[in-house]
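In case you want the letters, here they are:
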Amino acid sequence: MQTIDQHDFLEISKQVKNPFSREIIQRDVNSSYGEGVFNWQDYGNGVASSSCNYNLKNDYNICLSSNIPGAVMIYNLAHKIEYTFKNKDKATLEKNSFFIGLASDHFYAEMSLKKEGVYNAVTIGIKEELFLELASNLEDLDEKINLAHKNGHYLIKGGYIDSFQHDILSYFSDKIVDDNILSTFKLESMALNLGHYTIDKIIKNKKSQKNSIEVEKIKSLEKAKERILKDYSSSLTIKEIAYKSAINECYLKKDFKIYYGMTIYEMLQHQRLKIAKELLKDSLSVKEVAISVGYKHTGHFSKLFFNKYKISPSLYRKQNY
């Protein structure tokens, strides 16, 4: 499958600049790759939107990158879209579904598009500072932002597009670049309404999911967390944690993620690396620290440590010991 940079895939065909840093750009798909249009609107207030409609001649991986940290909401109205991120994580956005993602200033992903697919999607982008205000009630938001900064991205799951979202999204379909600033205001109001509604929907869904967990299950989840934080250096298995926490394995995996906002493995890894960071300030070698927190292979430990803290454990030890 051919890999193409987004800037080569699309060609600017029209650009309109309006007062107060408002800008609209229409891009057409390079005719050697297919046909279609990509419209992008920057409203000058920390919010931007885009819409695309493509038909392609072959299968392509489109390289996406950004140096502006923030949140992006993607609403997929046609063929499923597959993403591969810089750290090799993968995500699939099905037809008539959406998700919210967080991006750092070194975001990179490849978007896999198929020849037989018709691609029609709408995107709302919000700069990080503004998103922190708008989504302040989203659980563990600071932690999610930090993970996005470390890994380049963080996915906040979405769901199916509901009728209200569909109604707003229909306004973006086949929208052409319009020089009339009143049309830009209308488009901006639609984008802001869609973004606000989606953020509110995600927050309410998270709260309702968490509140739906039974009291007895919560006690078991707290036992599971306690065991992870205490026995982080052991070769813990989900089966063992479930047994000692008096909960079914399936419920443990599903409800743990809902209640704590991370998987069991993510919490275990977070605890191990947190302890390792402190141990590296003592006289232990990198290998000794790796073993003491539960990693058998120093190379694997070093890779995880670097991915989380953006510094190798050996260099961190040298700077802090």
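Along each chain, the written sequence defines residue order, and numbers are assigned to residues from 1. Under the rules for a predicted model, residues below a pLDDT of 70 receive no local features and side-chain atom pairs below 80 are neither given nor counted, while totals for whole chains, interfaces and linings still include all residues. Hydrogen atoms and water are omitted, and side-chain values are computed over all heavy atoms in the structure.

(A) Just the sheet that holds strand β7 (residues 70-76), in detail. In this analysis, strands are considered paired if DSSP registers two or more bridges between them. Where helices and strands are cited, they refer to DSSP runs of H or I of at least four residues and of E of at least two residues respectively, numbered from the N terminus. Judged by pairing direction, the sheet is antiparallel, and its 8 strands sit side by side in the order β2-β3-β4-β5-β12-β7-β10-β13 without closing on themselves. Here the strands that pair on one side only, and so sit at the sheet edges, are β2 (10-18) and β13 (153-160). Taken over all neighbouring pairs, the strand axes of this sheet differ in orientation by 15 degrees on average, direction set aside. Where β7 lies against strand β10 (residues 97-103), 7 bridges are found, and the strand directions are antiparallel. The residue of β10 that forms the bridge with V72 is G101. Where helices are involved, their axes are fitted lines through C-alpha atoms of the stretch in contact, as for all axes, and angles between N-to-C directions lie from 0 to 180°.

(B) Highlighting the pattern of salt bridges. Only one rule defines a salt bridge in this text: a Lys or Arg side-chain nitrogen within 4 Å of an Asp or Glu carboxyl oxygen. As enumerated under the stated definition, the model contains 7 salt bridges in all. In this structure, D162 and K201 form a salt bridge, with 3.0 Å as the shortest nitrogen-oxygen distance. Linking D162 in the loop between β13 and α4 (163-172) with K201 in helix α5 (residues 181-211), this pair joins segments that are 39 residues apart in sequence. Classification of K201 as buried rests on a relative accessible area of 17%. Measuring nitrogen to oxygen at the nearest pair gives 3.7 Å for the salt bridge that ties E278 to K281. Burial classification: accessible surface area is computed with a 1.4 Å probe over protein chains only, and a residue below 20% of its type maximum counts as buried, one above 50% as exposed, and the rest as partly exposed. Classification of K281 by relative accessible area gives partly exposed; the value is 33%. Linked by salt bridges that have partners in common, K217, K254 and D255 make up one network.

(C) Structural view of the packing of helix α6 (residues 215-230) against helix α9 (residues 264-279). Packing of α6 against α9 brings their axes to within 9 Å, and their N-to-C directions diverge by 35 degrees. Our pair here, α6 against α9, has a crossing hand that is right-handed. The segment α6 lies against α9, with K225, I228 and L229 engaging I264, M267, L268 and Q271. Side-chain classes are defined by residue name, with Ala, Val, Leu, Ile, Met, Phe, Trp, Tyr, Cys and Pro counting as nonpolar, Asp, Glu, Lys and Arg as charged, and the others, Gly among them, as polar. Looking at the contact of α6 with α9, its residues break down into 5 nonpolar, 1 polar and 1 charged. Two helices that cross are described as forming a left-handed crossing if the nearer one is turned anticlockwise from the farther one by less than a right angle, and a right-handed crossing if clockwise. The contact definition used throughout considers only heavy atoms, calling two residues in contact when any of these lie within 4.5 Å.

(D) Spotlight on the environment of M190. Relative to the helices and strands, M190 is located in helix α5. With residues near it in sequence (within four places) discarded, M190 still touches I168, Y171 and F172.

(E) Just the pairing of strand β5 (residues 47-56), in detail. Judged by how many residues are buried, β5 sits mostly within the fold: 8 of 10 residues are covered. As defined by bridge partners, β5 adjoins strand β12 (residues 118-127) across 9 bridges and the pair is classed as antiparallel. Paired with Y54 across the bridge in β12 is Y119.

(F) Geometry of helix α11 (residues 298-309). Multiplying 1.5 Å by the helix residue count minus one yields the expected span of that helix. For α11, spanning 12 residues, the distance from its first C-alpha to its last is 16 Å, which sits close to the expected 16 Å at 1.5 Å a residue. Along α11, the positions that sit buried rather than exposed are F301, L304, F305, K308 and Y309. In an axial view of α11, the angular spread of the buried residues amounts to 110 degrees, which keeps them on one side of the axis. Pointing more than 90 degrees away from the buried face of α11 are the exposed residues G299 and K303. Once α11 finishes, K310 follows within two positions and takes phi at roughly 60 degrees, a positive value. Throughout, the arc means that of the directions going from the helix axis to the C-beta atoms.

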